[in-house]
Amino acid sequence: MTARPKILTVFGTRPEAIKLFPLVHALQADERFESRVCVSAQHRGMLDQVLDIAGVSPDHDLDLMTPGQTLDELTARALTGIGKVLDEEQPDWVVVQGDTTTVMAGAIAAYYRKIPVCHVEAGLRSGNIHHPWPEEVNRRVVGTFAALHCAPTETSAAALLKENVDPASVHVTGNTVIDALKWVTARIEEEPSLASGLADLETRFAGKRIIGMTSHRRENFGDGMENIANAVKEIAQRDDIAVIFPVHLNPNVRAVMNEQLAGLDNVALIEPLDYPHFARLLDISHLMLTDSGGVQEEAPALGKPVLVMRETTERPEGVEAGTAKLVGTDADTIVRETLRLLDNDDAYAAMARAHNPFGDGHSSQRICDLLAKA
Ligand code: UD1
Ligand code: UDP
């Protein structure tokens, strides 16, 4: 019997963990593979929240995060740290997901050792190297040498083919975020207490429409974040709404949001939610205001209108389907578009339609099958 291929899955931040835990579950349950997990812990607390709920115990934990880390020091430590793990494990494949520093460094470390890379969520392109920054370049780098490109949609597959990537290596698998969302929804159904921690806020804001919010993008630091905070302050003058805002742990985000929004009666600035509680927040929200990538994929699946506080998006599918709208970071535009959804029932109904351009919840299994054949 030939040895089973060893697959090393590498990740480091909250969104990578959410989008890879279903694949880790699938690889671990699949006798065709030997599965190993390495976390860079580029995020510490927000990564651990996902590992806990998903029951994933990494074989290697590089514990890299430092407060206020810079891109170059993080990249250097991730590259050398992951490189050492590759030397020790000598995997047949390295799997990475998305576009963070961990993804770029992990993929390059594999390339330096001629280990093939499987890129999950391949082919997302905004076409602008500064939006999102530095993610657009991170994913383009991985796209130049990955051996297996798991594109979530036909649009992302087409973007890779346009860059002359070998068509035989490009596969439309759907996005594993839908696998994760379905998994967590089923877990909450089995065990409602997993998502019951918002009950006090739900009581406090009873009768108001909830606006769920997240914001963390590096390219929005400075004026963009200030504008977003000012927009929320203005929206919060209405007494028929409440904003629930789990604030990202990045100190650049927290400083602005705490200074501008703390103390407003109908704005709850709360700690990052674990995934079941965030799923609950999506569920109780009338609409989402966000600059997050993952939330742009989850909200359409749940039929929640999402206003995207970015200038461009590499996820046009939600916009094309009508559930997402780009509103940029101009305060007046954010306020105007939010009020339109609150006050115009037709505008709201046109956006509040559930559909799934990003997947059917079986992406992880497709990726396992591709790895088995590769
Ligand atoms: C990173 C990714 C971004 C992704 C985002 C998801 C890069 C360059 N950026 O951005 O693509 O969209 O994660 O959230 O890879 N912090 C904590 N605890 C945590 C997490 C972060 O304290 O659990 C603080 C630390 O001070 C850390 C800082 O946030 O230094 C920034 O973290 P970092 O991963 O460098 O950047 P993000 O803005 O989180
Ligand atoms: N999320 C979460 N708790 C929160 C905020 C977000 O679990 O308090 C989840 C969300 O459901 C989505 C992912 O985190 O799956 C998005 O991560 P983030 O916005 O940090 O990164 P991005 O997707 O922009 O890279």
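Here, every reference points to the structure presented above.
Okay, so let's go over this structure. Here the structure is a predicted model, which means the values were calculated and not measured.

### Re the packing of aromatic side chains
Here's step 1: The full count for this structure, using the stated rule, is three aromatic pairs.
Here's step 2: With a centroid separation of 5.0 Å and 65° between ring planes, the pair formed by Phe21 and Trp183 is classed as edge-to-face. One end of the pair, Phe21, is in helix α1 (residues 14-29); the other, Trp183, is in helix α7 (residues 176-190), and 162 residues separate them in sequence.
Here's step 3: Looking at Phe21, the relative accessible area reads 2%, which means it is buried.
Here's step 4: Consider the rings of Tyr111 and Phe145, whose centres lie 4.8 Å apart with planes at 25°: the pair is stacked. One end of the pair, Tyr111, is in helix α4 (residues 101-112); the other, Phe145, is in helix α5 (residues 135-145), with 34 residues separating them in the sequence.
Here's step 5: Classification of Tyr111 by relative accessible area gives partly exposed; the value is 47%.
Here's step 6: With relative accessibility at 21%, the residue Phe145 sits in the partly exposed group.
Here's step 7: Each member of the aromatic cluster is reached from another via a ring pair, and the members are Tyr111, Tyr112 and Phe145.

### What about the nonpolar core?
Here's step 1: One finds Phe11, Leu23, Val95, Cys118, Tyr275 and Leu371 to be the most contacted residues of the largest nonpolar core, which totals 40 residues.
Here's step 2: If we skip the residues at most four places from it in the chain, Phe11 touches Glu16, Ala17, Leu20, Val24, Val37, Cys38, Val39, Ser40, Ala41, Leu47, Leu51 and Thr102.
Here's step 3: Within the second largest apolar cluster, 30 residues are counted, among which are Ala231, Val247, Ile334 and Leu341.

### Concerning the site of ligand 2
Here's step 1: Lining the immediate surroundings of ligand 2 are 14 residues, of which Leu273, Ser292, Gly293, Gly294 and Glu298 lie closest.
Here's step 2: Contact distances for ligand 2 include 2.7 Å between a nitrogen atom and a backbone N or O atom of Leu273.
Here's step 3: Here an oxygen atom of ligand 2 and a backbone polar atom of Gly293 are 2.8 Å apart.
Here's step 4: For ligand 2, the accessible surface in isolation is 540 Å², of which the surrounding protein chains cover 94%.
Here's step 5: Counting only elements with at least two residues in the shell around ligand 2, the list comes to α1, α11 (275-284) and α12 (293-302).

### Observations concerning helix α2 (residues 45-54)
Here's step 1: For α2, every residue scored as buried is listed here: Met46, Leu47, Val50, Leu51, Ile53 and Ala54.
Here's step 2: Turning to α2, the residues buried within the fold contact β1 (6-11), α1, β2 (34-39), α7 and α11.
Here's step 3: Positioned one or two residues after α2, Gly55 has a phi angle of 65°, which is positive.

### A word on a negative patch on the surface
Here's step 1: Taken together, the side chains of Glu234, Glu311, Asp330 and Asp332 present a region of like negative charge at the surface.
Here's step 2: Topologically, Glu234 is positioned in helix α9 (residues 223-235).

### Observations regarding the environment of Phe221
Here's step 1: Examined against the element boundaries, Phe221 turns out to sit in the loop between β8 (209-214) and α9.
Here's step 2: Judged by its relative accessible area of 23%, Phe221 falls in the partly exposed class.
Here's step 3: Considering only alpha carbons, one finds Phe221 and Asn252, 31 residues apart in sequence, at a separation of 6.9 Å.
Here's step 4: For Phe221, the contacting residues outside a window of four places in its chain are His216, Asn250, Asn252 and Val253.

### Observations concerning the pattern of salt bridges
When the charged atoms of two side chains lie near each other, side chains of opposite charge can form a pair.
Here's step 1: Counting across every chain of the model gives 33 salt bridges.
Here's step 2: As a salt-bridge pair, Arg139 and Glu136 come within 2.6 Å of each other at their nearest N and O atoms. Taken as a pair, Arg139 and Glu136 lie in helix α5 at a separation of three residues, close to a single helical turn. Comparing Arg139 with Glu136 shows no difference in burial state: the two are buried.
Here's step 3: Between Glu219 and Arg217 there is a salt bridge whose closest N-O contact spans 3.0 Å.
Here's step 4: Within this structure, Lys19, Asp99, Glu121, Glu136, Arg139, Arg140, Glu297, Arg310, Glu314 and Arg315 form a network of salt bridges that share partners.

### Considering the pairing of strand β9 (residues 241-246)
Here's step 1: Counting buried positions along β9 yields six of six residues, so the element is predominantly enclosed.
Here's step 2: Of the two faces of β9, the one holding Ile241, Val243 and Phe245 and the one holding Ala242, Ile244 and Pro246 are both buried throughout.
Here's step 3: As paired elements, β8 and β9 share four bridges and run parallel to each other. The residue of β9 that forms the bridge with Ile211 is Val243.
Here's step 4: Assessed by its sense of winding, the connection that carries the chain from β8 through α9 to β9 is right-handed.
Here's step 5: As defined by bridge partners, β9 adjoins strand β10 (residues 267-270) across four bridges and the pair is classed as parallel. Counterpart to Phe245 in the pairing with β10 is Leu269.

### Describing the sheet that holds strand β5 (residues 117-120)
Here's step 1: Spatially, β3-β2-β1-β4-β5-β6-β7 is the arrangement adopted by the seven strands of the open sheet, whose pairing is parallel. Two strands lie at the open edges of the sheet, namely β3 (60-61) and β7 (170-172), each paired on one side alone.
Here's step 2: The strands touched by α5 within the sheet are β4 (93-97), β5 and β6 (148-151), with β5 carrying the most contacts at an inclination of about 135°.
Here's step 3: Running at roughly 170° to β7, helix α6 (residues 154-162) makes contact with β6 and β7 of the sheet.

Rules used throughout
- Residues numbered from 1 in each chain as written.
- Chains lettered and ligands numbered in written order.
- Predicted model: local features only at pLDDT ≥ 70, side-chain atom pairs only at ≥ 80, totals over all residues.
- Heavy atoms only, no water.
- Phe/Tyr/Trp six-rings, centres within 6.5 Å; stacked < 30°, edge-to-face > 60°.
- Helix = DSSP H or I, 4+ residues; strand = E, 2+ residues; numbered from the N terminus.
- Buried < 20%, exposed > 50% of the residue type's maximum accessible area, 1.4 Å probe, protein only.
- Core = buried A, V, L, I, M, F, W, Y, C linked by side-chain atoms within 4.5 Å.
- Contact = heavy atoms within 4.5 Å.
- Near = heavy atom within 4 Å.
- Polar contact = N/O pair within 3.5 Å; in protein donor to acceptor, adjacent residues only side chain to side chain.
- Areas by Shrake-Rupley, 256 points an atom, 1.4 Å probe, with all protein chains shown as cover.
- Patch = residues over 30% accessible without salt bridge, like charges linked within 9 Å, V, L, I, M, F, W, Y side chains within 5 Å.
- Salt bridge = Lys/Arg side-chain N within 4 Å of Asp/Glu carboxyl O.
- Lys, Arg positive; Asp, Glu negative; His and termini not counted.
- Charge placed at Lys NZ, Arg CZ, Asp CG, Glu CD.
- Pairing = 2+ DSSP bridges.
- Right-handed = clockwise from strand over helix to strand, strands pointing away.
- Axes fitted to C-alpha atoms, helices over the stretch in contact; angles between N-to-C directions.

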